[in-house]
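Remarks on the overall topology
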Amino acid sequence: MSYNFDQIIDRHNTFSNKWDQTEKLFGDKDALPMWIADMDFPAPPEVIQALRERIDHGIYGYTLKPDSYFQALIDWVERRQGWTIQKEWITSSPGIVTALSILVSTLTEPGDKVLIQTPVYPPFFQVVKRNKRELVTNELQLENGRYTIDFAQLEQQFKAGVKMMLLCSPHNPVGRVWTKAELERLGALCVQYGVIVVSDEIHADLLFSGHVHQPFAPLSEALLQQTVTCYAPSKTFNVAGLKSSFVIIANDALRAKYDEMLYNLNLESESFFGVSAVEAAFRHGESWLISLMEYVEENLQLLLDTFAKRIPQIEVIQPEGTYLVWLDCRKLGLDSSELHAFMCKKAKVGLNQGTAFGTDGAGFLRMNIACPRSILVDGLDRIERAVNEAFPQK
Ligand SMILES: Cc1ncc(COP(=O)(O)O)c(C=O)c1O
C-alpha cells in the first residue's frame, strides 16, 4: 500500500497545539510551526477506520481493555524490539509525562536525588522539581557533532547517592539512539549503585537506517527488576491526543506502588477512542510506519544537504532517531532570546528554543521535520533567506 505523505492537511482551527497558537508563541501569525512533537500526517488508515467504527456506534460509554489490546502491544514489542513482555507487567497512563511524575513521586522520597541527562525534554526537569526531589544533571558531551554520555561524571553522581535516573532512549532532543554497548555500560553502573531507571522509550519506533533500538530493561535480570519502561503509540502513529500510554514494570513491588497512585487518581481507565485505535495501530500499522520513516529520512537528507550547502552558519546534529532535529546555531553569536526572536521575527519559523531543554541548550534550536516535504522546504527557505541576509557567508 502506498501512502501520500506529501498531502497537506490544514490544521488551523482544529485546536492544534502546534498550529493554533502561532501568534501567541512566536509573535507572528504567519510563522511556520515546526516545534512540538506531533506530525502533520494523518494516522495510519487502519487507525482512522477503527476510530470511524467507534464514532459510528454512537455510544461513548466507559470502556474496557480487552485481552487483544494487550496482546497487540506484546506482539509489537516482541516483533519490533525482540523483547518478550508478560501481560502482568503492563500497566498504563494517559500520557508518559503523567507516568513520569507518578513514578518520581511513588518510587522516591522528597529530597531524593533524581538524575537526568541534559539537554533533555523539558518535563524531565519539571517532574523532578514539582515533586520536590533534588535534580541532578549529567550533561551529555558533544564531540564531532555527536552526543555521548559522560560516564565518569555519571559514576561520581551515582556514588553521591542518586535514587532514580530518567533515561531518554532514543534521546529527545539530541537524536541519539543509544547503542547496546552504551546501555550495557550504563546498566552496569545502575546495578552497581542500585539506581532505579525510568526508561522513556516513547521514540523507540522512530529510527533512521542503520540504527537499532535496544530496550533497557531486558539487558539483564537485575535491570529488569529495577527498570520501568515508558512506551506509547503516540509518537509512532501520531495519536498523542488519544492519551493512551503504557508503563511496563516487571518488578511486582515497584508496579504495586505505581498502580496504587494510578488507581488512587482514577487514571487507569482507557479512553474510549484509545482502545481500538491503539490495537489497530499495533496490529496493522507496521507498513505505514516503515513508509513514514522512509519519508522522514528523505526529509532529513534534504535538511542535511540544505544546511551543509546553503546555510553552513548553522550546524545540524544528525539524529539517529526521532523526527526532531537539534540545530547548533552558536556560530551566529546570538543569545537564546535573540536567537528565538530572530527565527520568529526574521525567518518566521516557529522552533523550540534550546534553553527549554536545559542551560546546555543555549545557542541551539529544535526543529520538527515530520511534515509534508513542501512545508519543510518552505521552512528551510525561510531560514536560509534570513540567516544569509543577517549573517552573510564569508
Ligand atoms: C521523551 C518524551 N517523553 C514523553 C513525551 C510526551 O509524552 P505524553 O504526551 O504522552 O505525555 C515526549 C513528547 O515529545 C517526549 O519526547
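Just so it is clear, the model here is predicted, and its values are computed rather than measured.

What about the site of the ligand?
Surveying the vicinity of the ligand reveals the residues Ala-37, Gly-95, Ile-96, Val-97, Tyr-121, Cys-168, Asn-172, Asp-200, Ile-202, His-203, Lys-235 and Ser-245. Contact distances for the ligand include 2.7 Å between an oxygen atom and a side-chain N or O atom of His-203. With respect to the ligand, the side chain of Lys-235 contributes an N or O atom lying 2.9 Å from an oxygen atom. Alone, the ligand offers 400 Å² of accessible surface; in the complex the protein occludes 90% of this. Of the pockets mapped on this structure, the ligand occupies the largest pocket. Residue classes in the shell around the ligand are distributed as six nonpolar, four polar and two charged.

Quick word on the pairing of strand β9 (residues 227-231)
The side chains of a regular strand alternate between the sheet's two faces. By the criterion of burial, β9 is predominantly enclosed, with five of the five residues buried. Burial along β9 is two-sided: Thr-227, Thr-229 and Tyr-231 facing one way and Val-228 and Cys-230 facing the other are all buried. Pairing between strand β8 (residues 196-200) and β9: four bridges, direction parallel. Residue pairing for β9: Val-197 is matched across the bridge by Thr-227. In the sheet, β9 pairs with strand β10 (residues 245-249) via four bridges, with the strands oriented antiparallel. Across the sheet, Thr-229 pairs through a bridge with Ile-248, a residue of β10.

As for empty space enclosed by the protein
Going through the model one piece at a time under the given rule, you end up with one cavity of 30 Å³ or more. Of the volumes computed, that of the largest cavity is approximately 30 Å³. Taken together, Ser-336, Leu-339, His-340, Gln-353, Gly-354, Thr-355, Gly-361, Ala-362, Gly-363, Phe-364 and Leu-365 form the lining of the largest cavity. Its residues assigned to classes, the lining of the largest cavity shows four nonpolar, seven polar and no charged.

Brief notes about the layout of surface pockets
Volume-wise, the largest pocket comes out at about 1200 Å³. Forming the boundary of the largest pocket are 43 residues, of which Ala-37, Asp-38, Asn-238, Ala-240 and Gly-241 lie nearest the centre. Taken together, the elements giving at least two residues each to the lining of the largest pocket come down to α2 (45-57), α4 (96-107) and β14 (352-353). For the lining of the largest pocket, the residue count by class is 24 nonpolar, 12 polar and seven charged. Of the residues that make up the lining of the largest pocket, three or more belong to each of domain 1 (22-44 + 286-388) and domain 2 (48-284).

So, the nonpolar core
Within the largest apolar cluster, 75 residues are counted, with the highest numbers of intra-cluster contacts made by Leu-292, Leu-303, Ile-314, Met-367 and Ile-383. The biggest single contributor to this core is helix α11 (residues 286-310), with 10 residues. Each of domain 1 (22-44 + 286-388) and domain 2 (48-284) gives at least three residues to this core. Setting aside residues up to four positions removed in sequence, Met-367 forms contacts with Met-34, Leu-303, Tyr-323, Leu-324, Val-325, Leu-327, Leu-351, Leu-376, Leu-380 and Ile-383. Among the nonpolar cores identified, the runner-up in size contains 28 residues, and Ile-102, Val-114, Ile-116 and Leu-166 belong to it.

A few points about the pairing of strand β7 (residues 162-168)
Most of β7 sits out of view: six of its seven residues are buried. Here four bridges tie strand β3 (residues 113-118) to β7, and the two strands are oriented parallel to one another. Bridge pairing in β7 places Leu-115 opposite Met-165. Bridge count between β7 and β8: five bridges; the pairing is parallel. Counted as the bridge partner of Leu-166 is Val-198 from β8.

Reading guide: rules and limits
- Residues numbered from 1 in each chain as written.
- Predicted model: local features only at pLDDT ≥ 70, side-chain atom pairs only at ≥ 80, totals over all residues.
- Heavy atoms only, no water.
- Near = heavy atom within 4 Å.
- Polar contact = N/O pair within 3.5 Å; in protein donor to acceptor, adjacent residues only side chain to side chain.
- Areas by Shrake-Rupley, 256 points an atom, 1.4 Å probe, with all protein chains shown as cover.
- 1 Å grid on protein atoms, 1.4 Å probe; cavity = no way out; pocket = protein on both sides within 12 Å on 5 of 7 lines; lining within 4 Å.
- Sits in = over half its atoms within 2 Å of the grid points.
- Nonpolar A, V, L, I, M, F, W, Y, C, P; charged D, E, K, R; others polar.
- Buried < 20%, exposed > 50% of the residue type's maximum accessible area, 1.4 Å probe, protein only.
- Helix = DSSP H or I, 4+ residues; strand = E, 2+ residues; numbered from the N terminus.
- Pairing = 2+ DSSP bridges.
- Points joined across faces, edges and corners; volume = space filled by probe spheres on them.
- Domains from an automatic or database assignment.
- Core = buried A, V, L, I, M, F, W, Y, C linked by side-chain atoms within 4.5 Å.
- Contact = heavy atoms within 4.5 Å.

Shape descriptors only; they carry no functional weight alone.
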